[in-house]
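# Examining the three-dimensional arrangement
If you want the building blocks of each chain, they are given just below.
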Amino acid sequence: GHTKAVIIGNGINSASGHATLFVYNLASGALIQEIDTGVGGDNGLSAPRGWDDNGDGTVDYVYAGDLKGNLWKFNFTAASASIALGGTPLFTAASGQPITAGLALARDPATGKRWVFAGTGKFLEEFSELPNGSMGWYVDLDKPTVAGERIVSRPQIRGSVLITASIIPPTNNSCEAGGSGYINAIDAFSGTSTGAPYFDANRDGKVDGNDQLGSGSNQVPVGSIDLGVGMPTLPTIIDKLLVVGGSTGGRASITVNPQGGAAQRMSWREILGD
């Protein structure tokens, strides 16, 4: 048996001020290992996410973002865990935009490659938004919507679709209830529109070609939708229904179109009696 452990990132006011990953024994609460990235300046890690690469039930790699815009990969395949890639970040945001929300992990069914998804932003203080210059694809949340849009909740993967909730705080006081925001759906592995419409944008009870923008051959699926609940929280997706709450205290739902693969059995085990 493997030791059961809980893995957490540190908060902003850690003793060292560095982004540090702590590994604790789940049964005793004893600290097994402390992995310091060495990046300080009042820094800290967001919620880490584990990946079992070989399917043996044990986490092989852990990913987490920090407040300086670094995305870290930790290697847990050896007896002692360490920072992968020679101790350097897997990715760093162009202008150090903070990663305060958790991450989403997925494997591209076409290539088998592992993908890591993160959104930048924080709801702790004001800061400027996102210039160009990053690895892979990116979406600048300031275009074409209003300034101040940000992601502070964990992205989710459903099949080939990446779903994120973005918020736009009130301009007069960012601590007030209200504001606005969007539920966003995008093709996770290309950064483009989903292959088929995802939201029942026109609210006719079905997701079809009428839930698109543009005309003729230039039509594309609606990729962002404001459900009228203020700043949306992390959405819950149950089969073909997306449900979300928001800062106004309300709740809304919308029919969606799952795509890119259905849930399936990964393995089975036969249990024999005496």
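I will try to describe carefully the structure that is included in this document. (Residues numbered from 1 in each chain as written. Predicted model: local features only at pLDDT ≥ 70, side-chain atom pairs only at ≥ 80, totals over all residues. Heavy atoms only, no water.)

### Overview of the pattern of salt bridges
Scanning all chains against the criterion turns up two salt bridges. Of the charged contacts, one joins Asp53 and Arg107 as a salt bridge, the two residues approaching to 3.6 Å between their closest N and O atoms. Here the residue Asp53 occupies a position in the loop between β4 (49-51) and β5 (61-65), and Arg107 occupies one in strand β9 (residues 104-107), the gap between them amounting to 54 residues. By relative accessible area, Asp53 is classed as partly exposed at 32%. Judged by its relative accessible area of 37%, Arg107 is partly exposed. (Salt bridge = Lys/Arg side-chain N within 4 Å of Asp/Glu carboxyl O. Helix = DSSP H or I, 4+ residues; strand = E, 2+ residues; numbered from the N terminus. Buried < 20%, exposed > 50% of the residue type's maximum accessible area, 1.4 Å probe, protein only.)

### Some thoughts on the nonpolar core
Core analysis: the largest hydrophobic core is formed by 17 residues, its most contacted members being Ile163, Ile183, Tyr198, Phe199, Leu227, Leu242 and Ile254. At the level of elements, β13 (161-168), β14 (180-187), β19 (241-245) and β20 (251-255) are the ones that each hand at least two residues to this core. Beyond its immediate stretch of four places on either side in the chain, Ile254 contacts Phe199, Asp200, Arg203, Ile225, Leu227, Lys240, Leu241 and Leu242. If you look at the next biggest cluster of nonpolar residues, it comprises 12 residues, including Leu45, Phe74, Phe76 and Ala81. (Core = buried A, V, L, I, M, F, W, Y, C linked by side-chain atoms within 4.5 Å. Contact = heavy atoms within 4.5 Å.)

### Brief notes about the side chain of Ser153
Locating Ser153 in the fold gives a position in the loop between β11 (150-151) and β12 (156-158). Overall, the relative accessible area of 14% leaves Ser153 in the buried class. Apart from the residues within four sequence positions on either side, Ser153 is in contact with Ala101, Ala165 and Leu234.

### Thoughts on the packing of aromatic side chains
Aromatic rings in a pair are described by how distant their centres are and how their planes are angled relative to each other. Throughout the structure, instances matching the rule amount to five aromatic pairs. Centroid distance Tyr198 to Phe199: 5.2 Å. Interplanar angle 80 degrees. Geometry classified as edge-to-face. There is no split in this pair, since Tyr198 and Phe199 are both buried. Taken together, the ring pairs connect Trp115, Phe117 and Phe189 into an aromatic cluster. Sitting over the face of the ring of Tyr61, Lys73 holds its NZ or CZ atom 4.5 Å from the ring centroid. (Phe/Tyr/Trp six-rings, centres within 6.5 Å; stacked < 30°, edge-to-face > 60°. Lys NZ or Arg CZ within 6 Å of the ring centre and 35° of its normal.)

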